[in-house]
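Per-entry structural report
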Amino acid sequence: MTTENLIADLTKGYKLDGKNYDMWNRKIQYLFDSKDQTELLTNEMVQPQEGNSVQARRDLEAYEAWVKKDRHARYAMLSSMNDDLIGEYENYPTSKQMWDQLKFDFGGTSTTKLRSLVMKFEVYRKDLKHSMTEHLRTMSSMIHDLKSARNVLTDEQQVLVVIRSLPDSWVHMKQILTHNEGIKNFSDISRHVELEAERQEATRVASLYAQGERKPQGKHKNDS
């Protein structure tokens, strides 16, 4: 597979937009790993001094080969960015310099961003349009984002926030879950919550079926 095809395959429908740096970073590293060129992201070559010796010619050939590979690497990175970002980074002369600047701009977690992640997690409530499984998957993703930002929540914190995120109609169940000493971590609370959601759904379906059975039957024309 050519470099161009690899770029298209790895970044199809997924280009750097400033908010998805972590995944973009991994995809680009996969690309360079496949070409045995990860050193381009960590090392640069300095143009050798001119000379007529055998060693000087070898150094120049090595440098020219590196320049060619680095040019392709820069192309790969720029091609996997949104259009509005290309202009900001196309002037970096080497792939390493571009890589380092991108990491500085998007790889770190500012205090403001971290505070925003924490706030989003703490106030998150289940969307009525989402199933309980979807809700828990979203919360798991938030926990992962916080961990990536080096804000690791304790098991107790995760459990309490999940309970707090449940619908108001779960008020009694929230009390039961809060005082259940067998619930130690996110996996435990997820299992209990999904089982309760399944029980409630089964009860709802059974109730609808029972209501249908109790509906009076209309009289037939021959009934009199």
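In what follows, the accompanying structure is described. Nothing here was measured: the structure is a model prediction, and the numbers come from that model.

**Some thoughts on the overall build of the protein**
- Summing up its helical and strand segments, the protein has 10 helices and 0 strands in all.
- Helices and strands in the protein line up, N terminus first, as α-α-α-α-α-α-α-α-α-α.
- Here the protein, with 224 residues, has 29% of them falling under the buried criterion.
- Restricting to contacts in the protein with at least 6 residues of sequence separation, those with at least 24 account for 58%.

**Regarding the packing of aromatic side chains**
- Scanning the model with the defined rule gives 6 aromatic pairs in all.
- In textbook terms, an aromatic cluster arises when at least three aromatic residues are bridged by ring pairs, as seen for Tyr21, Trp24, Tyr89, Tyr92, Trp99 and Phe106.

**Re the environment of Lys19**
- On the secondary structure map, Lys19 appears in the loop between α1 (3-11) and α2 (21-34).
- Distance in space between the C-alpha atoms of Lys19 and Gly107 is 9.8 Å, their sequence separation being 88 residues.

**Focus: a negative patch on the surface**
- A cluster of like negative charges, contributed by Asp17, Asp83, Asp84, Glu88 and Asp105, occupies part of the molecular surface.
- Ranked by residues supplied to the negative patch, first place goes to helix α4 (residues 83-89) with 3 residues.
- Mapping Asp17 onto the fold places it in the loop between α1 and α2.

**Focus on the nonpolar core**
- By size, the foremost hydrophobic cluster in this structure holds 22 residues, and its most contacted members are Phe121, Met132, Met139, Trp170, Leu177, Ile189 and Val193.
- Among the elements of the structure, α7 (132-148), α8 (155-164), α9 (171-178) and α10 (186-214) are those that each provide at least two residues to this core.
- At 6 residues, α7 tops the list of elements feeding residues into this core.

**Describing the pattern of salt bridges**
- With the rule as written, the count across this model stands at 6 salt bridges.
- Between Lys69 and Glu39 there is a salt bridge, and its shortest N-O distance comes to 3.7 Å. Taken together, the residues Lys69 in helix α3 (residues 54-79) and Glu39 in the loop between α2 and α3 connect sequence positions 30 residues apart.
- Classification of Lys69 by relative accessible area gives partly exposed; the value is 33%.
- The partner of Arg199 in a salt bridge is Glu196, with the nearest N and O atoms 2.7 Å apart. Here the residue Arg199 and the residue Glu196 both occupy positions in helix α10, the gap between them amounting to 3 residues, near one helical turn.
- For Glu196, a relative accessible area of 8% gives the class buried.

Reading the values: the criteria
Residues numbered from 1 in each chain as written. Predicted model: local features only at pLDDT ≥ 70, side-chain atom pairs only at ≥ 80, totals over all residues. Heavy atoms only, no water. Helix = DSSP H or I, 4+ residues; strand = E, 2+ residues; numbered from the N terminus. Buried < 20%, exposed > 50% of the residue type's maximum accessible area, 1.4 Å probe, protein only. Contact = heavy atoms within 4.5 Å. Phe/Tyr/Trp six-rings, centres within 6.5 Å; stacked < 30°, edge-to-face > 60°. Patch = residues over 30% accessible without salt bridge, like charges linked within 9 Å, V, L, I, M, F, W, Y side chains within 5 Å. Areas by Shrake-Rupley, 256 points an atom, 1.4 Å probe, with all protein chains shown as cover. Salt bridge = Lys/Arg side-chain N within 4 Å of Asp/Glu carboxyl O. Lys, Arg positive; Asp, Glu negative; His and termini not counted. Charge placed at Lys NZ, Arg CZ, Asp CG, Glu CD. Core = buried A, V, L, I, M, F, W, Y, C linked by side-chain atoms within 4.5 Å.

Everything listed here is a matter of coordinates, which is why it stays silent on function.
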